[in-house]
Amino acid sequence: MKSLLYIDACMRDEESRTKRVAEPIMAELTKKYDVIKLVLNELPLDVVKKPLLAKRMAGDIPQEVMAWAEAVRDADRIVIAAPFWDMGIPAALKTFFELCSIFDVTFKSDDKTCYGNCKAEKMLFITSRGMNVSTGDELEQATPYLKALSWLWGIGPLQVVAMQNMDYVSPEEIENKIATAIDEGLEIAKEF
Ligand SMILES: Cc1cc2nc3c(=O)[nH]c(=O)nc-3n(C[C@H](O)[C@H](O)[C@H](O)COP(=O)(O)O)c2cc1C
């Protein structure tokens, strides 16, 4: 069975609408893939600053961090669930990515540029936005960032399941948006 890395960055955990959409989609994908799940709320994510960088340059990378980076490198598919925070992704997810961006693991370089070293041919991003901001809008900085990062790491095309305007509609409309997003995600899961 091929493998799938599920990065759960639903910081509000059980209250998260993103998580409510991700769960049935992941339940479906679990039938097709061996799933490795990383729940960012449960991981010790150190911000990458000078001391950590110095250690990294000296080849001193904590075993746990290396295991996350190798999980990113080796997964056949990647699913990320994260809410829209401050017009982009939550800092915990950015920190996770910075920790995993390790030379010779998730990316390599030659004498001219960097290139990806990851295996995943597809990546799915599940998200929920408070304001009425669409995927691709210039105010939406999560998807462009994930596309750029997946280019750096050599990961295949990014598909997006997004809910928007979640904080300014009735509870019924929120439920409708969640149901629509689950249907959309389950359709993607058939071919993912
Ligand atoms: C810390 C924080 C930052 C947020 N920043 C934004 C934002 O910049 N733009 C926006 O449209 N919504 C923002 N929101 C609203 C969330 O995107 C929205 O409530 C979303 O549905 C949350 O997803 P969740 O239910 O999975 O946690 C923010 C919410 C929080 C808690």
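Structure: above.
Residues numbered from 1 in each chain as written. Predicted model: local features only at pLDDT ≥ 70, side-chain atom pairs only at ≥ 80, totals over all residues. Heavy atoms only, no water.

### Quick notes on the overall build of the protein
Moving on, step 1. When you go through the protein residue by residue, the secondary structure sums to six helices and seven strands.
Moving on, step 2. Going from the N terminus to the C terminus, the protein shows its helices and strands as β-α-β-α-α-β-α-β-β-β-α-β-α.
Moving on, step 3. In terms of C-alpha radius of gyration, the protein reaches 17 Å, essentially the compact-globule figure of 16 Å for 192 residues.
Moving on, step 4. If you line up the protein on its principal axes, its C-alpha atoms span 55 × 35 × 30 Å.
Moving on, step 5. Of the contacts made within the protein by residues no fewer than 6 positions apart, 82% connect residues no fewer than 24 positions apart.
Moving on, step 6. Entry remark: accessible area of the protein is about 10,000 Å², with carbon and sulfur atoms responsible for 53%.
Moving on, step 7. Averaging the positions of the 23 positive and the 31 negative side-chain charges in the protein gives two centres separated by 4 Å. (Helix = DSSP H or I, 4+ residues; strand = E, 2+ residues; numbered from the N terminus. Rg over C-alpha atoms; globule rule 2.2 N^0.38 Å. Contact = heavy atoms within 4.5 Å. Areas by Shrake-Rupley, 256 points an atom, 1.4 Å probe, with all protein chains shown as cover. Lys, Arg positive; Asp, Glu negative; His and termini not counted. Charge placed at Lys NZ, Arg CZ, Asp CG, Glu CD.)

### Description of the pattern of salt bridges
Moving on, step 1. Under the definition given, this model contains 13 salt bridges.
Moving on, step 2. For the salt bridge of arginine 12 with glutamate 15, the shortest nitrogen-to-oxygen distance reads 3.6 Å.
Moving on, step 3. Here arginine 12 falls in the partly exposed class, since its relative accessible area comes to 40%.
Moving on, step 4. Classification of glutamate 15 as exposed rests on a relative accessible area of 59%.
Moving on, step 5. By sharing partners, the salt bridges in this structure join Asp8, Asp13, Glu14 and Lys19 into a single network. (Salt bridge = Lys/Arg side-chain N within 4 Å of Asp/Glu carboxyl O. Buried < 20%, exposed > 50% of the residue type's maximum accessible area, 1.4 Å probe, protein only.)

### Notes on the packing of helix α4 (residues 91-100) against helix α5 (residues 142-153)
For any two helices packed against each other, the geometry comes down to the angle between their axes and how far apart the axes lie.
Moving on, step 1. Two elements in contact, α4 and α5, have axes separated by 12 Å at closest approach and are oriented at 10°. The angle between the axes of α4 and α5 places the two elements in the roughly parallel class. Of α5, the residues touching α4 (which contributes Lys94, Phe97 and Cys100) are Tyr145, Leu146, Leu149 and Trp153.
Moving on, step 2. Residue composition of the contact of α4 with α5, grouped by class: six nonpolar, no polar and one charged. (Axes fitted to C-alpha atoms, helices over the stretch in contact; angles between N-to-C directions. Parallel < 35°, antiparallel > 145°, perpendicular 65-115°, else oblique. Nonpolar A, V, L, I, M, F, W, Y, C, P; charged D, E, K, R; others polar.)

### As for the site of the ligand
Moving on, step 1. Residues in contact with the ligand amount to 15 residues; listed here are only the nearest, Arg12, Ser16, Thr18, Phe84 and Ser128.
Moving on, step 2. Between an oxygen atom of the ligand and a main-chain N or O atom of methionine 87, the distance comes to 2.9 Å.
Moving on, step 3. Residue methionine 131 places a main-chain N or O atom 2.8 Å away from an oxygen atom belonging to the ligand.
Moving on, step 4. When the ligand is considered free in solution it has 640 Å² of accessible area, and contact with the protein chains removes 80% of it.
Moving on, step 5. Across the shell around the ligand, the residue classes break down as six nonpolar, four polar and five charged. (Near = heavy atom within 4 Å. Polar contact = N/O pair within 3.5 Å; in protein donor to acceptor, adjacent residues only side chain to side chain.)

### Focus on the pairing of strand β3 (residues 77-83)
Moving on, step 1. Counting buried positions over the seven residues of β3 gives seven, a clear majority of the element.
Moving on, step 2. With burial as the criterion, each face of β3 is covered, one bearing Arg77, Val79, Ala81 and Pro83 and the other bearing Ile78, Ile80 and Ala82.
Moving on, step 3. Here strand β1 (residues 3-8) pairs with β3 via five bridges, running parallel. Counted as the bridge partner of leucine 5 is isoleucine 78 from β3.
Moving on, step 4. Where β3 meets strand β6 (residues 122-128), seven bridges bridge the pair, whose relative direction is parallel. Within β6, the position partnered with alanine 82 by the bridge is threonine 127. (Pairing = 2+ DSSP bridges.)

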